[in-house]
Amino acid sequence: MKIITENATDEVTYAIEDDVDVDIRTDCMIVGPSSKPKFRVGFYNSSNVKLHTGVTLPSDWYGRKYKYNGSEWSANEKYVGFCSAKSAVASDATTIPLMINEGKALRLSVGVAYIVGDAGVNEKITYTGIDGDTLTGVTRGVDSTPIQDIRPGHTIHEKLPE
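Residues numbered from 1 in each chain as written. Predicted model: local features only at pLDDT ≥ 70, side-chain atom pairs only at ≥ 80, totals over all residues. Heavy atoms only, no water.

## Regarding a negative patch on the surface
Link 1 in the chain: Taken together, the side chains of Glu 17, Asp 18, Asp 19 and Asp 21 present a region of like negative charge at the surface.
Link 2 in the chain: Structurally, the position occupied by Glu 17 is in the loop between β2 (12-16) and β3 (22-24).
Link 3 in the chain: The partly exposed category is assigned to Glu 17, whose relative accessible area is 49%. (Patch = residues over 30% accessible without salt bridge, like charges linked within 9 Å, V, L, I, M, F, W, Y side chains within 5 Å. Areas by Shrake-Rupley, 256 points an atom, 1.4 Å probe, with all protein chains shown as cover. Salt bridge = Lys/Arg side-chain N within 4 Å of Asp/Glu carboxyl O. Lys, Arg positive; Asp, Glu negative; His and termini not counted. Charge placed at Lys NZ, Arg CZ, Asp CG, Glu CD. Helix = DSSP H or I, 4+ residues; strand = E, 2+ residues; numbered from the N terminus. Buried < 20%, exposed > 50% of the residue type's maximum accessible area, 1.4 Å probe, protein only.)

## Notes on the pattern of salt bridges
Link 1 in the chain: Under the defined criterion, the tally for this structure stands at 8 salt bridges.
Link 2 in the chain: Between Arg 40 and Asp 27 there is a salt bridge, and its shortest N-O distance comes to 3.9 Å. With Arg 40 in strand β5 (residues 39-41) and Asp 27 in the loop between β3 and β4 (29-31), this pair connects stretches of sequence that are 13 residues apart.
Link 3 in the chain: A relative accessible area of 52% places Arg 40 in the exposed class.
Link 4 in the chain: Ionic pairing is found between Asp 133 and Lys 86, a salt bridge with its closest N-O pair at 3.5 Å. Linking Asp 133 in the loop between β13 (129-131) and β14 (134-136) with Lys 86 in the loop between β9 (82-84) and β10 (96-97), this pair joins segments that are 47 residues apart in sequence.

## Re the sheet that holds β13
Link 1 in the chain: Read across the open sheet, the 3 strands follow the order β10-β14-β13; overall the sheet is antiparallel. Taken across any chain shown, the strands that pair with only one partner, and hence form the sheet edges, are β10 and β13. (Pairing = 2+ DSSP bridges.)

## Notes on the side chain of Arg 140
Link 1 in the chain: Mapped onto the elements, Arg 140 comes out in the loop between β14 and β15 (155-157).
Link 2 in the chain: Here Arg 140 falls in the buried class, since its relative accessible area comes to 9%.
Link 3 in the chain: A distance of 2.9 Å separates the side chain of Arg 140 from the backbone oxygen of Ala 90, its partner in a polar contact.
Link 4 in the chain: Within the structure, the side chain of Arg 140 is placed 2.7 Å from the backbone oxygen of Gln 148, a separation counted as a polar contact.
Link 5 in the chain: In this structure, Arg 140 is in contact with Val 89, Ala 90, Ser 91, Ala 93, Ile 115, Glu 123, Lys 124, Ile 125, Ile 147, Gln 148 and Ile 150, ignoring residues within four places of it in sequence. (Polar contact = N/O pair within 3.5 Å; in protein donor to acceptor, adjacent residues only side chain to side chain. Contact = heavy atoms within 4.5 Å.)

What follows is the structure in structure tokens.
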């Protein structure tokens, strides 16, 4: 596997299959054949990212969840796990269906989460389990936070972003 790390933080931002071309230039990063790239990242270039090859990813890898210094992996302490609601959820629901993202249903793991709602209103929830792509045993409005309507796409964070 190939990975891209940011020079300033060592955060791993991309994981790319070994057989896919990666060209980090002075003005951008191109992934895929130069004649027909899969994608181009204009803000990544040879001055701010590194390419590492022959790397084995941690089993629960997700962008920015880990750092890599060229030989060792470490957890990124600033990483905030998150996911998105798949559908509307009633205020008394005890389950919350989540969207599948890149084959991974979610990036939550701590049993407490925050639903980032409209106009800066954040609802604290707890949950007792994860069944496939669904939070189960959900308690809404923890610590007297306002219970809000959950619509498809609402973001659910492990902790509130700083």
